[in-house]
Amino acid sequence: MTFSEYEDHEGRVEFFDSRAGLACLASEAAHFAHEMPLRMLGPLLERIAQMRGSPIVFCGQAEIRRVLTGSEGTRHIQPDEMVFLDPARLDRMASPYLNAGEDPYPDVVVEVDSTTDVRRNRLKLYEAWGFPEVWVEVPDAYAPSRPAGLQSGLRIYLLEGGRYAPSEASRAFPGWRAAEIHGALNERVISEETSEILSRVGRALGEREGTGPDDDPLLREQRAEGRAQGAGRMARALLRQRGVAVPADFPADFPAGRHLSALRSTPEDRLLSAASTAVNFADFLSRLDSPEH
């Protein structure tokens, strides 16, 4: 394949060497066994990002290019996924491709491999080009191209002294073990066990960076609403103990009501003080709306 043919090719080319004119095309059509773990990765990373309190960017099959020394030739790899823990690093890229040796590297490269091709070929290039962490996932689901004897599972390769060393856990995602990642990638929906693991990993990242769930806009809103609902329930109980009539749907209706902001912004001591002194429910609401009470 020439470089011009490569540029015009509409299918997936997993590897291309322009000097040798060598191309490795996708060996078979996309199938569930290959695609489902990749589709699952996005929601998993989004959960971690929310708990960390800052976004994670994943770039799909964006191409990696490397100019060959002493020639005009290039080598090209299309990974299955690239993960960046710091989205700002992408702003420093000058082209639509990742230029190996020039552009910031992803924290993790992910490959789904049911043929061992990644370990025979592309893994060697990732190592030579200095990519810090590579995950190679062999899905649980059957794939037509899988050779007999290839066991499912996820292998993590960490760059140590210029060479890849297998690892039981990720370095980019502290405490996330290979077996846990593999299990999560092969779920159809996120299980309770996986959710707890994602929370743990996200909080570990946040501790490293000084961020947390309240730095994520969606979680911050949900947590604030939860605190407001909890404060409202305490106030309801206190009002009823004092014999003050309280609407049956208070505070459950407040997310759609005009007093939610008052519940959210009122300090707990002032909220309980209002519930302790109000002569009726309208008086209680007025005390939330009026700081001087």
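See the structure above.
All values derive from a computational prediction rather than experimental measurement.

Undergrad: Describe the overall build of the protein chain, with residues and values.
TA: Along its length, the protein chain carries 9 helices and 11 strands. Burial statistics for the protein chain: of 293 residues in total, 46% are counted as buried. Partitioning the intrachain contacts of the protein chain with sequence separation of at least 6 by distance along the chain shows that 62% fall at a separation of at least 24. Element-wise, carbon and sulfur atoms account for 51% of the exposed surface of the protein chain, whose accessible area totals about 14,700 Å².

Undergrad: Break down the nonpolar core for me, citing the residues and quoting the values.
TA: Grouped burial of nonpolar side chains is what soluble globular proteins tend to show. Of all hydrophobic cores here, the largest spans 28 residues; its most connected members are I48, I56, W135, F173 and W176. Only helix 2 (32–52), strand 8 (108–112), strand 10 (153–160), helix 4 (178–185) and helix 5 (192–209) provide two or more residues apiece to this core. If you tally residues by element for this core, the top one is helix 2, at 7 residues. Apart from residues lying up to four places away in sequence, W135 is in contact with L41, V108, V109, V110, E111, L154, R155, I156, S170, F173, W176 and I181. Counting residues in each nonpolar core, the second largest holds 19 residues, with I64, I77, Y126 and V134 among its members.

Undergrad: I'd like to hear about the packing of aromatic side chains, residue by residue, with values.
TA: Counting across every chain of the model gives 7 aromatic pairs. Seen in terms of ring centroids, W135 and W176 are 5.8 Å apart; in terms of plane orientation they differ by 85°. Their pairing is edge-to-face. One end of the pair, W135, is in strand 9 (residues 133–138); the other, W176, is in the loop between strand 11 (163–167) and helix 4, and 41 residues separate them in sequence. Pair check on accessibility: W135 and W176 agree, each one buried. When the ring of Y157 is compared with that of Y164, the centres are 6.3 Å apart and the planes differ by 55°; the resulting orientation is tilted. Like Y164, Y157 is buried.

Conventions we followed
Residues numbered from 1 in each chain as written. Predicted model: local features only at pLDDT ≥ 70, side-chain atom pairs only at ≥ 80, totals over all residues. Heavy atoms only, no water. Helix = DSSP H or I, 4+ residues; strand = E, 2+ residues; numbered from the N terminus. Buried < 20%, exposed > 50% of the residue type's maximum accessible area, 1.4 Å probe, protein only. Contact = heavy atoms within 4.5 Å. Areas by Shrake-Rupley, 256 points an atom, 1.4 Å probe, with all protein chains shown as cover. Core = buried A, V, L, I, M, F, W, Y, C linked by side-chain atoms within 4.5 Å. Phe/Tyr/Trp six-rings, centres within 6.5 Å; stacked < 30°, edge-to-face > 60°.

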